[in-house]
Amino acid sequence: MAFVIISCSKKEEPEPAMGDQVAGTYTLTKVSLGPLGIDYPYTDPSSGVKSSGKIEIAKVADDKATASITFIDTDKAGKVTEDKTSLGEATLKKAATGEIEAYSGTTKIGTYSNSVLSLSFVDPDSKLLVTITGKK
């Protein structure tokens, strides 16, 4: 009797381009201004307005993406107001940790890892660091 052993090796699938990995819509989970942070969605206890938001990332190239953020307010009567802002284009780089980092010029402005996106910038008025976090 002869036994034949067949070994099936899985071919390593190539990792998707960074632009493809970060592209998508993220639900806003937190906005921080300096040491103060607000978890989203948030309901203002005095007005009853519910605030939520989303971050939309679009692939421009394998190593570039654009972002926009939309803040959504819903009042007690159900009226929805949206405020959308373009955040511009960023260059994507793979960090040694495996995270994808976003840069504006030489300034690091964001990270993406495990479906969580974090964007940071200095507020021109208060000079405090603003961090926006979202989850895919």
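For clarity, every value in this text was computed on a predicted model and none was experimentally measured. Throughout, residues of each chain are indexed from 1 in the direction in which the sequence is written. Local features in this predicted model are restricted to residues whose pLDDT is 70 or higher, and side-chain atom pairs enter the listing and the counts only when it is 80 or higher, whereas totals over whole chains, interfaces and linings include all residues. Heavy atoms throughout the structure, all of them, feed into the side-chain values; hydrogens and water do not.

### Comments concerning the overall build of the protein
The test is simple: Numbering of helices and strands runs from the N terminus, with a helix taken as a DSSP run of H or I at least four residues long and a strand as a DSSP run of E at least two residues long. Radius of gyration means the value over C-alpha atoms here, while the globule rule gives 2.2 Å times the residue count to the 0.38 power.
Within the protein, the secondary structure is distributed over one helix and 10 strands. Helices (α) and strands (β) of the protein occur, in sequence order from the N terminus, as α-β-β-β-β-β-β-β-β-β-β. A compact globule built from 136 residues should have a C-alpha radius of gyration of about 14 Å, whereas the protein, at 20 Å, is more than 25% larger. With respect to the three principal axes, the spread of C-alpha positions in the protein is 80 × 40 × 25 Å.

### Considering the pattern of salt bridges
Two side chains of opposite charge can pair, provided their charged atoms sit close to one another. For clarity, the threshold we go by: The term salt bridge refers to a pairing of a side-chain nitrogen on Lys or Arg with a carboxyl oxygen on Asp or Glu at a separation within 4 Å. Each residue gets one of three labels from its accessible area relative to the maximum for its type: buried under 20%, exposed over 50%, partly exposed in between, using a 1.4 Å probe on protein chains only.
Within the structure shown, the criterion is met by six salt bridges. Of the charged contacts, one joins Lys 94 and Glu 15 as a salt bridge, the two residues approaching to 2.9 Å between their closest N and O atoms. Here the residue Lys 94 occupies a position in strand β6 (residues 80-94), and Glu 15 occupies one in the segment before α1 (18-22), the gap between them amounting to 79 residues. The exposed category is assigned to Glu 15, whose relative accessible area is 54%.

### Things to note about the nonpolar core
Put simply, the rule is: By convention a nonpolar core is built from buried Ala, Val, Leu, Ile, Met, Phe, Trp, Tyr and Cys residues, the set being connected through side-chain atoms within 4.5 Å. Contacts: residue pairs with any heavy atoms within 4.5 Å of one another.
Membership of the largest hydrophobic core comes to 20 residues, with the highest contact counts inside it found for Val 22, Tyr 26, Leu 28, Ile 55, Ile 57, Leu 92 and Leu 117. Discounting chain neighbours no more than four positions away, the residues touching Val 22 are Ile 57, Ala 65, Leu 92, Ile 100, Tyr 112 and Lys 136.

### Focus: the packing of aromatic side chains
What counts is decided by this rule: Ring pairs shown here join Phe, Tyr and Trp side chains whose ring centres sit within 6.5 Å, with only the six-membered ring taken for Trp; geometry is labelled stacked below 30 degrees between planes, edge-to-face above 60, and tilted in between. Sitting over a ring, as applied to charges here, requires NZ of Lys or CZ of Arg to be within 6 Å of the ring centre and within 35 degrees of the ring normal.
Applying the stated criterion across every chain, the model contains two aromatic pairs. Plain terms: the ring middles of Tyr 26 and Tyr 112 are 6.2 Å apart, the flat faces sit at 80° to each other, and that makes the pair edge-to-face. Taken together, the residues span a long stretch of sequence, with Tyr 26 in strand β1 (residues 24-33) and Tyr 112 in strand β8 (residues 107-113) at a distance of 86 residues. Residue classification places Tyr 26 among the buried residues on the basis of a relative accessible area of 0%. Classification of Tyr 112 as buried rests on a relative accessible area of 11%. Pairing Tyr 40 with Phe 71 gives two aromatic rings, centres 6.4 Å apart and planes at 55°, and the pair type is tilted. Here Phe 71 lies in strand β5 (residues 64-74) and Tyr 40 lies in the loop between β2 (36-39) and β3 (42-43), a separation of 31 residues in the sequence. Exposure remark for Tyr 40: the relative accessible area of 17% places this residue in the buried category. The lysine or arginine in question, Lys 93, covers the ring of Tyr 103, its NZ or CZ lying 4.7 Å from the ring centre.

### Concerning the side chain of Gln 21
Rules: N or O atoms closer than or at 3.5 Å make up a polar contact, with two conditions inside protein: a donor-capable atom paired with an acceptor-capable one, and, for residues adjacent in sequence, both atoms drawn from side chains.
Position of Gln 21 relative to the elements: it lies in helix α1. The buried category is assigned to Gln 21, whose relative accessible area is 18%. Reaching out from Gln 21, the side chain makes a polar contact with the backbone oxygen of Pro 16 at a distance of 2.7 Å. Once you skip the residues sitting within four places of it in the chain, Gln 21 turns out to touch Glu 15, Pro 16, Tyr 26, Lys 94, Ile 100, Tyr 112 and Lys 136.

### As for the confidence of the model for the protein
Counted only if it meets this: What pLDDT expresses is the predictor's confidence in each residue, scored from 0 to 100.
Averaged over all residues, the pLDDT of the protein equals 91, while 92% of them reach at least 70. Across residues 1-5 the pLDDT falls below 50, and counting only partners more than four positions away or on other chains, this stretch makes zero contacts in the model.

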